[in-house]
Each structure stands twice: as C-alpha cells, then as structure tokens.
Amino acid sequence: NAGVTQTPKFQVLKTGQSMTLQCAQDMNHNSMYWYRQDPGMGLRLIYYSASEGTTDKGEVPNGYNVSRLNKREFSLRLESAAPSQTSVYFCASSEAVSRVMGAFFGQGTRLTVV
Amino acid sequence: EDQVTQSPEALRLQEGESSSLNCSYTVSGLRGLFWYRQDPGKGPEFLFTLYSAGEEKEKERLKATLTKKESFLHITAPKPEDSATYLCAKLNYGGSQGNLIFGKGTKLSVKP
C-alpha cells in the first residue's frame, strides 16, 4: 500500500538551479495537489489538478510550474530556485476535488535553497 | 482575509490529562471544517469532517465539535501515542477549488 509517493525526500539546491519534484499515487484518484509548509505558517496550496489533463493555480503559484503527466503522476517544477522556496513540499491526492478534505498526503520533500 | 487560527500553539499534557484544542475561523462561505493529525516527518492524516454547527465526530480518544465560530478537538485521557501536531482546515465555497485553508497547528506532547 504505497499511497502517495514523493521523490526525492531531501534536496539542496543553489539559487538559480532548477529541479522537478515527482509525485505518484496508486489509488486511482482523479485529483492531485501540491502544498508547501513553512515554519509558523499553515500548509498553502501551490497548484492542483482536478483531473487528468487539467491544472489550476492555488494560493501561491508564483515560481512554480506543474505537469499532470497521467492519472497517477503530478510533478512540480522550480525553474529558477530562490531561497524563499525553501520549504517542505507535500503532494496529495483525492477521489475528486470535492473530496479534497479527505486527501491522502505523501511524506514530503524537504527542499533547501542556498 | 480568510483565516484559520489555532490555539494554543503547543500543549503539554500528562498521560490521562484531558484537554481541548481550539480552531477559530472566518465564517464567510464556510463549506466544511476538517481536522488532521501530522506526525514529524510525515504528511497530514485526515481525522474528521464537520459541516454544521452542533455536529460532533468521535474517534477513539478524540472528539471534534463545531459551533458557528469555532471548532474544538477534545482529547480524553490522552496517551503518549497521541503526541503529534493537530491541524484544522476550512474549505470555502467559491475561490480555487480544492484550496483548503489550514491553520498553523497545535503541537501536542503527552508525557507518560
């Protein structure tokens, strides 16, 4: 029972470098999400994909791009990393956007930008 | 501004010492109020959904309640394994679909 799998678990980037965070779910869920969690702040939605082939901006999309590669996979790309993007990133999935409250979360990617 | 405020930020209890965590929220457009548990190094795990004032949900030693302006997570006779950060979140009508508004969490420590 893998659930939601994120890779990598840890990453250190230099300012200006690019990278892609990978996320895959094996629950046949339609909707997938990317959140970031910063100390002293709640989780904030970056982007979401209501269904395969669609993506939409969340609360804090600037500096990020996403790709819903297929029903299972939803990737998050940082084109030019900045120190302000140092955070823990969580991918999540749910049966539908209307069921987001019951989303299953991955274990997170801890990203440090120096 | 749409907000979810949790208090206290941290709570230390002795095993068996019951207490409550608070979650207050801006009421406009509320579609639901949700509680999650987050263990260190892991993603949040869904616990409860509350939709209307007066509603209550229970799971083992946890009971969540909802009023018109706030929600409480009551912990009865906690055990050390209940130690975690508890998050609440709201979902609004309108705005970005799927955009849960999370509070900062209450970090609960239960000592044996």
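Note that the coordinates shown come from a computational prediction; the quantities given were computed from them, not determined experimentally. (Residues numbered from 1 in each chain as written. Chains lettered and ligands numbered in written order. Predicted model: local features only at pLDDT ≥ 70, side-chain atom pairs only at ≥ 80, totals over all residues. Heavy atoms only, no water.)

Chemist: Would you mind going over the overall build of chain A with me for this structure?
Modeler: Counting its regular elements, chain A contains zero helices and eleven strands. Reading chain A from its N end, one meets helices and strands in the order β-β-β-β-β-β-β-β-β-β-β. The globule rule puts the C-alpha radius of gyration for 114 residues at 13 Å, and the 13 Å found for chain A is close to it. Judged by the C-alpha coordinates and their principal axes, chain A covers about 35 × 30 × 25 Å. (Helix = DSSP H or I, 4+ residues; strand = E, 2+ residues; numbered from the N terminus. Rg over C-alpha atoms; globule rule 2.2 N^0.38 Å.)

Chemist: Any chance you could explain the overall build of chain B here in plain terms?
Modeler: Helices and strands together make up the secondary structure of chain B, namely zero helices and eleven strands. Its helices and strands taken in sequence order, chain B reads β-β-β-β-β-β-β-β-β-β-β from the N to the C terminus. A globule of 112 residues ought to have a C-alpha radius of gyration of about 13 Å, and chain B, at 14 Å, matches this closely. The C-alpha extent of chain B, read off along each of the three principal axes, is 45 × 30 × 20 Å. Here chain B holds 112 residues, and the buried ones make up 46% of them. The long-range share in chain B, meaning contacts at least 24 apart out of those at least 6 apart in sequence, stands at 56%. Within chain B, one finds 15 positive and 14 negative side-chain charges whose respective centroids are separated by 2 Å. (Buried < 20%, exposed > 50% of the residue type's maximum accessible area, 1.4 Å probe, protein only. Contact = heavy atoms within 4.5 Å. Lys, Arg positive; Asp, Glu negative; His and termini not counted. Charge placed at Lys NZ, Arg CZ, Asp CG, Glu CD.)

Chemist: Could you clarify how one ought to interpret the interface of chain B and chain A in this entry?
Modeler: Size of an interface, as often reported, equals the accessible area lost when the parts are brought together. With 21 residues of chain B in contact, the opposing surface of chain A contributes 22 residues. Taking both sides of the interface into account, the surface hidden between chain B and chain A amounts to around 1700 Å²; carbon and sulfur atoms contribute 57%. Inspection of the chain B/chain A interface yields zero salt bridges. Applying the counting criterion to the chain B and chain A interface returns three residue pairs in polar contact (both at pLDDT 80 or more). Mapped by element, the contributors of at least two residues to the side of chain B that touches chain A are β4 (30-38), β5 (45-50) and β9 (84-92) of chain B. For the side of chain B that touches chain A, the leading source of residues is β4(B), giving four residues. Looking at the side of chain B that touches chain A, its residues break down into nine nonpolar, nine polar and three charged. (Buried area = accessible area lost by both parts, 1.4 Å probe. Salt bridge = Lys/Arg side-chain N within 4 Å of Asp/Glu carboxyl O. Polar contact = N/O pair within 3.5 Å; in protein donor to acceptor, adjacent residues only side chain to side chain. Nonpolar A, V, L, I, M, F, W, Y, C, P; charged D, E, K, R; others polar.)

Chemist: Can you walk me through the sheet that holds strand β6 (residues 56-59) of chain B in this structure?
Modeler: Neighbouring strands of a sheet are bound in pairs by backbone hydrogen bonds; such pairs are parallel or else antiparallel. All names here are of chain B. The antiparallel open sheet is built from five strands, whose spatial order is β1-β3-β8-β7-β6. The sheet is open, and its two edges are formed by β1 (4-7) and β6, each paired on a single side. Adjacent strand axes in the sheet meet at a mean angle of 15°, parallel and antiparallel pairs treated alike. Sheet analysis places strand β7 (residues 62-66) next to strand β8 (residues 70-75), joined by five bridges and oriented antiparallel. Within β8, the position partnered with Leu66 by the bridge is Ser71. (Pairing = 2+ DSSP bridges. Axes fitted to C-alpha atoms, helices over the stretch in contact; angles between N-to-C directions.)

Chemist: Explanation requested: the confidence of the model for chain B in the structure shown.
Modeler: Low pLDDT means the predicted atomic positions in that stretch should not be read closely. For chain B, mean pLDDT is 91; residues scoring 70 or higher make up 91% of the total. Taken element by element, the predicted model of chain B shows its lowest mean pLDDT in β4(B) (89) and its highest in strand β11 (residues 106-111) of chain B (98). (pLDDT = per-residue confidence, 0-100.)

Chemist: Would you take a moment to explain the packing of aromatic side chains for this structure?
Modeler: For any pair of aromatic rings, the description rests on two quantities: the centre-to-centre distance and the angle between the ring planes. For the structure shown, the criterion picks out nine aromatic pairs over all chains. Ring plane angle 90° and centroid distance 5.8 Å describe the contact between Tyr35(A) and Phe102(B), whose orientation is recorded as edge-to-face. Taken together, the positions of Tyr35(A) in strand β4 (residues 31-37) and Phe102(B) in strand β10 (residues 101-102) put the pair across two chains. Phe102(B) sits in the buried class, given a relative accessible area of 7%. Taking the centre distance of 6.4 Å and the plane angle of 85° together, the rings of Phe34(B) and Tyr51(B) count as edge-to-face. Placement of Phe34(B) in strand β4 and of Tyr51(B) in the loop between β5 and β6 is noted, with a sequence separation of 17 residues between them. Relative accessible area serves as the criterion here: at 0%, Phe34(B) is assigned to the buried category. Among the aromatic side chains, those forming a connected cluster through ring pairs are Tyr33(A), Tyr35(A), Tyr48(A), Phe105(A), Tyr36(B), Phe46(B) and Phe102(B). (Phe/Tyr/Trp six-rings, centres within 6.5 Å; stacked < 30°, edge-to-face > 60°.)

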